[in-house]
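Each chain, written out:
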Amino acid sequence: MDYHNTDLLHRALDASNLRQETVSSNIANVNTPGYKAKRVEFESLLKDAMNGTGLQRTNDRHFGVNNASDVKARVQEQGGNMVGDDGNNVAIDTEMAELSANSIYYQSLVSQTSAQYNMLRSVLR
């Protein structure tokens, strides 16, 4: 079992969990005046790191991504997409679709992680 793959799977699971919490928060605040929907960014950051186009760290104290194992999910406020007159930009249909897509994504990550550990278990026998 490749530790690097397992680490990336765990990071993706963490991102999916954060996405679930974020979408749930968006849904809970659908009627809150001025609330701005939030999105979790992870896959694009991972892609940039794997392509070598992410931010580079030149000092250990600097923020940046030197490789895929440095990638962490982050929550960002979603701009635009005004839905209500009260400044709230949460679109419940979009949030429900995000919730469904994230559920499928999470289940696939769990299956991949389980397969990795089953492979390790098989080798140890």
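About the thresholds
- Residues numbered from 1 in each chain as written.
- Predicted model: local features only at pLDDT ≥ 70, side-chain atom pairs only at ≥ 80, totals over all residues.
- Heavy atoms only, no water.
- UniProt positions renumbered as here; feature names shortened; annotations may be inferred.
- Helix = DSSP H or I, 4+ residues; strand = E, 2+ residues; numbered from the N terminus.
- Buried < 20%, exposed > 50% of the residue type's maximum accessible area, 1.4 Å probe, protein only.
- Contact = heavy atoms within 4.5 Å.
- Areas by Shrake-Rupley, 256 points an atom, 1.4 Å probe, with all protein chains shown as cover.
- Core = buried A, V, L, I, M, F, W, Y, C linked by side-chain atoms within 4.5 Å.

The name given to the chain in an unreviewed UniProt entry is Flagellar basal body rod protein FlgB, with Marinilactibacillus psychrotolerans as the source organism. On record in UniProt, under Subunit (unreviewed entry), the comment for the chain is "The basal body constitutes a major portion of the flagellar organelle and consists of a number of rings mounted on a central rod." Turning to the chain, the UniProt annotation filed under Subcellular location (unreviewed entry) states: "Bacterial flagellum basal body".

Enquirer: An account of the overall build of the chain is requested, with residue identities and associated values reported.
Expert: Scanning the chain from terminus to terminus reveals three helices and two strands. Helices and strands in the chain line up, N terminus first, as α-β-α-β-α. The 125 residues of the chain split such that 27% are buried. For the chain, long-range pairs separated by at least 24 residues make up 73% of all intrachain contacts whose partners lie at least 6 apart in sequence. When the accessible surface of the chain is split by element, carbon and sulfur atoms take 52% of a total near 8,100 Å².

Enquirer: Now, about the UniProt feature "domain: Flagellar basal body rod protein N-terminal" (unreviewed entry) in the chain: what can you tell me, with residues and values included?
Expert: When the UniProt feature table is mapped to this numbering, "domain: Flagellar basal body rod protein N-terminal" (unreviewed entry) covers residues 11-36. Taken as a whole, residues 11-36 contains 69% helix and 0% strand, while its terminal C-alpha atoms sit 26 Å from one another.

Enquirer: Just give me the short version of the nonpolar core, but keep the residues and values in it.
Expert: Residues Leu8, Leu9, Ala12, Leu13, Ala15, Phe42, Leu45, Leu46, Ala49, Val71 and Leu109 constitute the largest nonpolar core, which totals eleven residues. At the level of elements, helix H1 (3-28) and helix H2 (43-51) are the ones that each hand at least two residues to this core. Sort the elements by how many residues they give to this core and H1 lands first, with five residues. If sequence neighbours within four positions are ignored, Leu9 has contacts with Leu109, Gln112, Thr113 and Gln116.

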